[in-house]
Amino acid sequence: MEERAGRFAYSKQSLAAVHSLTSLAGIVRRELSKIKAPVLVIQSRQDQGLLPESGEEIIRLVQAERKRLVWFEHSGHLITIDRERERVLSVAGEFISEVEQKYHSKGGR
């Protein structure tokens, strides 16, 4: 992997890997409706590796009671190490705290 203008990119892509990823995406899409656990989707509008509607589709298909899509404006595909990484960590931490609080308020362990 190499860095280009602040973005990371693979210099080569294996066709077998692309085929495998495409197949896996189809399986995941079919299984999303089975997810009932809390779901947080974090996606950047600048991500050139995902379609913008991907996050919205996940939120629409999962059956979780608690689900949230959070958009970021200034990061790429590797959002957890890009310029908004601190906000990503903050949003994820807040979501986990909310889920944990709800769990404990229902008498969970």
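That block above? That's the structure.
**Some details on the nonpolar core**
Among the nonpolar cores identified, the biggest contains 6 residues, and these are Leu32, Val39, Val41, Ile59, Val62 and Ala64. Counting residues in each nonpolar core, the second largest holds 5 residues, with Val70, Phe72, Ile79 and Val88 among its members.

**A closer look at the pattern of salt bridges**
Considering all chains together, one arrives at 7 salt bridges under this definition. Taking the shortest distance from any N to any O, the salt bridge between Glu98 and Arg68 comes out at 2.5 Å. Of this pair, Glu98 sits in helix α3 (residues 85-105) while Arg68 sits in strand β4 (residues 67-72), and the two are 30 residues apart along the sequence. One network of salt bridges, with partners in common, ties together Arg66, Arg68 and Glu98.

**Considerations on the environment of His77**
Following the sequence through the fold, His77 ends up in the loop between β4 and α3. A sequence separation of 31 residues divides His77 from Gln46, and the C-alpha atoms of the two residues are 7.6 Å apart. Setting aside residues no more than four positions away along its own chain, His77 makes contact with Asp47, Gly49 and Leu50.

Analysis parameters
- Residues numbered from 1 in each chain as written.
- Predicted model: local features only at pLDDT ≥ 70, side-chain atom pairs only at ≥ 80, totals over all residues.
- Heavy atoms only, no water.
- Core = buried A, V, L, I, M, F, W, Y, C linked by side-chain atoms within 4.5 Å.
- Buried < 20%, exposed > 50% of the residue type's maximum accessible area, 1.4 Å probe, protein only.
- Salt bridge = Lys/Arg side-chain N within 4 Å of Asp/Glu carboxyl O.
- Helix = DSSP H or I, 4+ residues; strand = E, 2+ residues; numbered from the N terminus.
- Contact = heavy atoms within 4.5 Å.

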